[in-house]
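Structural description and commentary
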Amino acid sequence: MGKANRKGSAVPLLCTVGALLALLVPVEPTRAPDCGGILTPLGLNYLAEISKPHAEVALRRDLMAQRASDLFLGSMDPSRCKAPIPQTLGQEQHVAPYIHVSSSRSRISSVKVVDLRLSLIPEAGLRLGIKVELRIAPLHAVPMPVRIFIQADLHVDMGPDGNLQLLTSACRPTVQAQNIREAESKSFRSILDNEVNVDKLCLDVSKLLLLPNEQLMSLTAPFPITPSCQLQYLPLAAPVFSKQGIALSLQTIFQVAGAAVPVPVSPVPFSMPELASTSTSHLILALSEHFYSSLYFTLERAGAFNMTIPSMLTTATLALKIPQVGSLYHEDLPIMLSAALRSSPRVVLEEGRAALRLFLTVHIGAGSPDFQSFLSVNADVTAGLQLSVFDTRMMISTAVIEDAELSLAASNVGLVPAALLEELFLAPVCQQVPAWMDDVLREGVHLPHLSLFTYTDVRVVIHKDYILVPCNLKLQSSMA
C-alpha cells in the first residue's frame, strides 16, 4: 500500500519536471512565407543575354589556354637547342633546361558564343542551350571553323545551409565541322580530340552563366533597416518552375541587435498570387500585409518610435485652458510631448491604398532635462503610406494623417474634455509623427534581390492584403 502511494505521488512530480524541461527547449519560429517573387520568361531571357559575354570569356579561357603538357623541360643535350648555349670565359659550362614548345600543336584562334538560351521546363528546372563557333588553326594550314552545341538541364536545390544551389541534371555536348569534307577526315577528328575536350565542358556547365550560385547566396544576406535593426530573406523550399516563370517563396527574419524578433503569426497564410498569363516585366515581387506589419513591429521593439514632440505651448499659455497647470508650475516652462506606442502598429492594404495605424500614448509635461508628465493622452492615428522603389530598396513615406482621435488616459490636472485635447495637441501630433516615422525609414527597406542587379521600370501595385512590384532587372554598371 505504501509503495503504491509513493508511485502515485511521483506522477505529478514527473509531469512538473517534464513541463519545466519543455520550457527550456528552444521554440522553432513558425516557418511561413510573407513575401516572394516570380522570375518571368522575359527575365530569364535577360539573364541569358547578360550571361552570353561571360560564357564567351569563360570558354575562351578554357579552350584557348595553353596546356601545361605543351610546355616541358628540354633535354640536357645542347643539340636539341638550335640557339648556341652562352658560355662565360673562365667558368665551367652549365646547360640550363630548355623549354621546348611542341611544334605539332594546333591552336584555337577564336571562340565566339553565337547563341545562349535559357528555357523553362515546367515542374523540373531549366534548359541551357549554347552554340559556340571555334576556329582551329593547324600548323601551316587554313583555320577550320568548328561548332560546339551544349545542351544542359539544370535544377535548383536547397542545400543543408539553407542556400539555393543551381545544379546540372544532364549535359549533352556535340561538335560539328562546318565543312563536310573536314568532318569526315581522320586528321580533323584527331585535331578535335586533341583541342576540344567536350566532356570537360559539361563538368561545370553552370559556370557559363553569370555567377549563379554566388548570386543565389547573396539573396540570403542580411540587410540593415536602421543601425540596430536588420532583415534577412530566407527561402523555405526550392523554387517552383512553371510556364509563368520561377516562383520562390521567402520568409523574412527581422532582427534587433542581432537577435531574431518573434513577430506575431499572420492570421491569414500568404501564398504567391496568381499572375496574368503574360507579363512585360522581368520580375514580379510580392509582399504581404503581414510583412509590413512585422517591419513596424520590429521597429517598435527596437524603440524606434519613442518620440519627443516639440510644442508651441508653455505652462503659462496652457494654464489659460487648463487652470490646474498654473498651480503645478510657478515659472513659465515649455511644454513637451513624449510619445510611445502602447500597442503594435498595423499596416492595412486595400485596393490602391496603404495605411499605417498607430496606437500611441502621449505624455504631456514640462521641465528639461527632468521631464515630468502631468497629462497622458491616447492618440489613435491612421496615416496614408506612399510606396516607391529606388535601386533595390522600397521607400516608405507617411503621406498624410487620414484620421486621428485623442482621448484622455490619465491626468493630474483634472478632467480634460476630448475636444480641448484635440484643440491643444492634435496639430503637433499630426505634424511631428509622420516626420518622425519618415526619418526612421529614411534609408528605405531592402527588397529581396541578387547582389549584381538593380531594379528599373518599377511599379508598385497595391492590392488587398498584398503588394506587387513588377520591375525589370539591370546588371550593375561595375559588372556590365
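Residues numbered from 1 in each chain as written. Predicted model: local features only at pLDDT ≥ 70, side-chain atom pairs only at ≥ 80, totals over all residues. Heavy atoms only, no water.

**Digging into the overall build of the chain**
Spelled out, the test is: Where helices and strands are cited, they refer to DSSP runs of H or I of at least four residues and of E of at least two residues respectively, numbered from the N terminus. Relative accessible area decides the class of each residue, using a 1.4 Å probe on protein chains only: under 20% of the type maximum gives buried, over 50% gives exposed, and in between gives partly exposed. Throughout, a residue-residue contact means that at least one pair of heavy atoms, one from each residue, lies within 4.5 Å. Accessibility throughout is a Shrake-Rupley quantity obtained with a 1.4 Å probe, and a residue counts as covered only by protein chains that appear here.
Regarding its fold elements, the chain presents ten helices and 22 strands. Here the chain, with 480 residues, has 41% of them falling under the buried criterion. Within the chain, residue pairs in contact and separated by at least 24 positions form 66% of the contacts whose partners lie at least 6 positions apart. With the model as given, the accessible surface of the chain reaches about 26,200 Å², and the carbon-plus-sulfur share is 57%.

**A word on the sheet that holds strand β18 (residues 393-411)**
The cut-off we apply is this: In this description, strands pair whenever DSSP reports at least two bridges between them. For helices, the fitted axis covers only the stretch in contact; all axes are lines through C-alpha atoms, and the angles between them, taken along N-to-C directions, range from 0 to 180 degrees.
Overall, antiparallel pairing links the six strands, which are arranged β14-β15-β16-β17-β18-β19 in an open sheet. Every other strand in the sheet has two partners, leaving β14 (307-314) and β19 (445-446) as the edge strands with one partner each. In this structure, strand β15 (residues 334-350) lies alongside strand β16 (residues 353-366), joined through 13 bridges in antiparallel fashion. When the sheet's bridge partners are listed, Glu350 is paired in β16 with Arg353. Seen against the sheet, helix α7 (residues 289-301) touches β15, β16, β17 (372-390), β18 and β19 and runs at an angle of roughly 155° to β15. Against the sheet, helix α10 (residues 418-440) contacts β14, β15, β16, β17 and β18, and its axis sits at roughly 155° relative to β18.

**Observations concerning the sheet that holds strand β7 (residues 164-177)**
Across the sheet, which stays open at both edges, the four strands sit in the order β4-β5-β6-β7 with antiparallel pairing between neighbours. Of all strands in the sheet, those with a lone pairing partner are β4 (107-121) and β7, marking the two edges. With strand direction ignored, the average angle separating the axes of adjacent strands in the sheet is 20°. Relative to strand β5 (residues 125-137), β4 is paired through 13 bridges, and the arrangement is antiparallel. Paired with Lys112 across the strands is Glu133, a residue of β5. In this fold helix α2 (residues 41-64) packs onto β4 and β5, with an angle of close to 155° to the strand it touches most, β4.

**Examining the side chain of Ser51**
Tracing the chain through its elements places Ser51 in helix α2. Residue classification places Ser51 among the buried residues on the basis of a relative accessible area of 4%. Those residues in contact with Ser51 that lie beyond four places of it in its chain are Leu116, Leu208, Leu209 and Leu210.

**As for the confidence of the model for the chain**
In low-pLDDT regions, the fine details of the predicted coordinates are not to be read closely. To keep things clear, this is the line we draw: What pLDDT expresses is the predictor's confidence in each residue, scored from 0 to 100.
Scored by pLDDT, the chain has a mean of 83; 80% of the residues are at 70 or more. Between residues 1-28, whose pLDDT stays under 50, and residues either more than four places distant or in other chains, the model counts zero contacts. In the predicted structure, residues 66-104 sits below a pLDDT of 50 and forms 34 contacts with residues beyond four places in sequence or in another chain.

**Re the packing of aromatic side chains**
The test is simple: Between rings of Phe, Tyr and Trp, where Trp is taken as its six-membered ring, a pair exists when centres lie within 6.5 Å; planes separated by under 30 degrees are stacked, by over 60 edge-to-face, and by other angles tilted.
All told, the structure shown has five aromatic pairs when counted by the stated rule. When the ring of Tyr233 is compared with that of Phe291, the centres are 6.4 Å apart and the planes differ by 20°; the resulting orientation is stacked. Of this pair, Tyr233 sits in strand β9 (residues 229-235) while Phe291 sits in helix α7, placing them 58 residues apart in sequence. A relative accessible area of 0% means that Tyr233 is categorised as buried.

**Concerning the pattern of salt bridges**
As a reminder, the rule being used: Any Lys or Arg side-chain nitrogen found within 4 Å of a carboxyl oxygen on Asp or Glu counts as a salt bridge.
Tallied over the full model, the rule gives twelve salt bridges. Residue Asp153 pairs with Arg127 through a salt bridge whose shortest N-O separation is 2.8 Å. Placement of the pair is Asp153 in strand β6 (residues 144-158) and Arg127 in strand β5, with a sequence separation of 26 residues. On the accessibility criterion, Asp153 (14% relative accessible area) is buried. As a salt-bridge pair, Glu402 and Arg353 come within 2.6 Å of each other at their nearest N and O atoms. Of this pair, Glu402 sits in strand β18 while Arg353 sits in strand β16, placing them 49 residues apart in sequence. Residue classification places Arg353 among the partly exposed positions, given a relative accessible area of 28%.

**Quick look at the state of the cysteines**
Note the following rule: What counts as a disulfide here is a pair of cysteine sulfur atoms lying within 2.5 Å.
Enumeration over the complete set of coordinates arrives at one disulfide. A sulfur-sulfur separation of 1.9 Å characterises the disulfide bridge that pairs Cys171 with Cys202. Across the S-S bond of Cys171 and Cys202 the torsion is about -65°, and the bridge reads as left-handed. Of this pair, Cys171 sits in strand β7 while Cys202 sits in the loop between α5 (198-201) and α6 (212-218), and the two are 31 residues apart along the sequence.

**Topic: the nonpolar core**
We apply this condition: The criterion is simple. A nonpolar core is a set of buried Ala, Val, Leu, Ile, Met, Phe, Trp, Tyr and Cys residues joined through side-chain atoms within 4.5 Å.
Judged by nonpolar contacts, the single largest core of 120 residues is most densely connected at Tyr296, Leu299, Leu375, Ile396 and Phe425. Those residues in contact with Phe425, other than ones at most four positions away along the chain, are Leu313, Leu318, Leu337, Ile364, Leu375 and Leu406. With seven residues, the next largest nonpolar core counts Phe270, Ile284, Ala286 and Leu468 among its residues.

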